[in-house]
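What follows is the residue order along each chain.
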Amino acid sequence: MEKPEIVSSHIVAMLPRGENNPRNSEGDFAVLKNGKILFAYSRYEGASGHDDAPCNVGALLSADGETPCTVTLTPENGTFYIELTGAALRLKSNVTLDLNGGTLVRYGEASDGRNLLQNCGPDGENNAVGGYALTKSIALINGTLDGNAALTAPGSNLVNFGHADGVTLQNVTLRNLNGGHLAELSGCKNCRIENCVFSGSGVSFEALQLDTAVASWNGVFLPDGTPCRDVLVTGCTFLDAPSGVGNHHALAGGKNHARNIIIENNTFLNSTVYDELQPAVWCYGFESCEVRNNVINGCYADGIKVSGGKVCVSENSIRLADSPNGSGVYVTAANSTLPDETETDTRTKETAIGCRIENNTVSAYGKHGISVNTGSEVLRIAGNVVVGGGGTGIFVSHSTVTEAVADNRIEGSRFLTDANPGHGIHVTSTATVSAITGNTVTGCDGYGVACYQAERAMRFENNVCSDNAQGETRVTYKPELTEDPKEKPPEEAGWYFAPAPMTAAALLSHANGARLTVGEPETTADADAPAV
């Protein structure tokens, strides 16, 4: 076969010496019949690199990007120092890199801030193809990637994949990074992140970021606004990073949002008090997303934060420590960037719609156990256990709960401020809740349930409240409008407060000395304020 013409040259691989590998020496290239290139070299073993010392023949085989290929590091459990003198190590389509229990260590001068691993097209470049068409079927398995923070400048990622269809990270530990994200997916789909350990991101961002391909957010790949789709993050552990997984910005418009993201069965542990705390999980403009059965324990701004989009938060165990303003679950609006003005970063509000918060356990929170705010629409807040917190158990303001706040158990909400007096359930006058039913609230510093200016059609029944310091329940209703001037209600703060009809079940729920207060105006301390 005729040898290919050499039109340019660049370093594609380094073969540094390591433990039990004192020297890598002379080698040669061979062009195989299938067009692949084989590089064979002398690989010394043992303690000596002398010419007469023991060695074997090592080999590197090029991948063509079409035929599935597995590259396995040898020896098993070895340590390999990668000096990034030109660019990151690049993986093409249909390649599995099996670290074989070994460790790749990024090595270089302090000024070097390059990524350790990226994906690339057939020509070795990664900034000319958008959508999900740059690469397909890349896997990184069974080993460790070390960012070598002491010798690298801040701001780079360890792993950076973009415009990819099919990315797998499995049984990989990513650690020791000086800034950036331990792994970033920018405009990727069909991705599986499984049984990985993310340790010590070192900055106030996500250890694993699910990003959108925008120039100012990820300058490596074609900035065409492609979001992430169909991503599973499961069985992973996130240690001492300020934020575990998610994103902190989004492009406005549903078609530009990340979609079909599942974050399940992961553990988030953070014992480090960072200058700027972030949520353990941050779903920013995620559509059709599920966050379920995760364990969150430590110092985070919030346990799970939903900023816009449509997310189901269920079966999670959340315990926050050293987080004075943190909520276990926080649903709010996204401050999204307009797609056609990404350079000027002009933003617009996008509210969360159709979310569910069900069967979570929240404890030791700083501000609210569960908080829904800023125009959000939640279907249900149900079956949650909220205990031992620093403020209100369940807080709803400037938002709508279309089905119910139902069957929750809340214990020991504590007084923080006059605006957050430690009610078990607090619904402000700016919120609309269809039903508050079947909740059990005990031992709170405020009311068991405080609901202000509710719709008269709201169902309030079968709630059991006891031993709450300010009283068991306090409910006020909006006025019934009348056209007869003689029957106009008094203008007290613009509302008429009157007892609403109560069902027999509702009355029974307040028996045995429980105090029901109906028709009192909301106090200034309880007035709705976005800062609550």
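In what follows, the structure referred to is the one given above.
A brief report on the enclosed structure follows. Since this is a predicted model, take the numbers as computed values, not measurements.

Reading the values: the criteria
Residues numbered from 1 in each chain as written. Predicted model: local features only at pLDDT ≥ 70, side-chain atom pairs only at ≥ 80, totals over all residues. Heavy atoms only, no water. Helix = DSSP H or I, 4+ residues; strand = E, 2+ residues; numbered from the N terminus. Pairing = 2+ DSSP bridges. Axes fitted to C-alpha atoms, helices over the stretch in contact; angles between N-to-C directions. Salt bridge = Lys/Arg side-chain N within 4 Å of Asp/Glu carboxyl O. Buried < 20%, exposed > 50% of the residue type's maximum accessible area, 1.4 Å probe, protein only.

### Structural notes on the environment of Asp123
Within the element layout of this structure, Asp123 appears in the loop between strand S9 (117–119) and strand S10 (135–146). Residues Asp123 and Lys92, spaced 31 residues apart in sequence, show a C-alpha to C-alpha distance of 9.2 Å.

### Section: the sheet that holds strand S2 (residues 37–44)
Strand pairing within a sheet occurs via backbone hydrogen bonds; the two strands may be parallel or antiparallel. A sheet is described by the order of its strands in space; here three strands give the open sequence S1-S2-S3, paired in antiparallel fashion. The open sheet terminates on both sides in strands that have one partner only, identified here as strand S1 (24–31) and strand S3 (55–61). Pairwise comparison of adjacent strand axes, ignoring direction, gives a mean angle of 20° for this sheet. As paired strands, S1 and S2 are joined by six bridges and run antiparallel to one another. Paired with Phe29 across the bridge in S2 is Phe39.

### Notes on the pairing of strand S38 (residues 400–406)
Looking along a regular strand, one sees side chains alternate from face to face of the sheet. In the sheet, strand S35 (residues 377–382) pairs with S38 via five bridges, with the strands oriented parallel. Looking at S38, one finds that Val378 is bridged to Val401. Of the strand pairs in this sheet, S38 and strand S42 (residues 435–437) are connected by two bridges, and their pairing is parallel. Its bridge partner lying in S42, Ala406 is registered against Thr437.

### Side note on the pattern of salt bridges
Oppositely charged side chains can form a pair if their charged atoms are brought close together. Scanning all chains against the criterion turns up 14 salt bridges. One salt bridge in this structure joins Glu403 and Arg356, with 3.6 Å as the shortest N-O distance. In this pair, Glu403 is assigned in strand S38 and Arg356 in strand S32 (residues 353–358), connecting sequence segments 47 residues apart. Residue class for Glu403 comes out partly exposed when judged on its relative accessible area of 32%. Exposure remark for Arg356: the relative accessible area of 26% places this residue in the partly exposed category. A salt bridge links Glu461 to Arg459; the shortest N-O distance between them is 2.9 Å. Relative accessible area serves as the criterion here: at 16%, Glu461 is assigned to the buried category. Overall, the relative accessible area of 41% leaves Arg459 in the partly exposed class. One connected set of salt bridges, linked through shared partners, spans Arg356, Glu358, Arg380 and Glu403.

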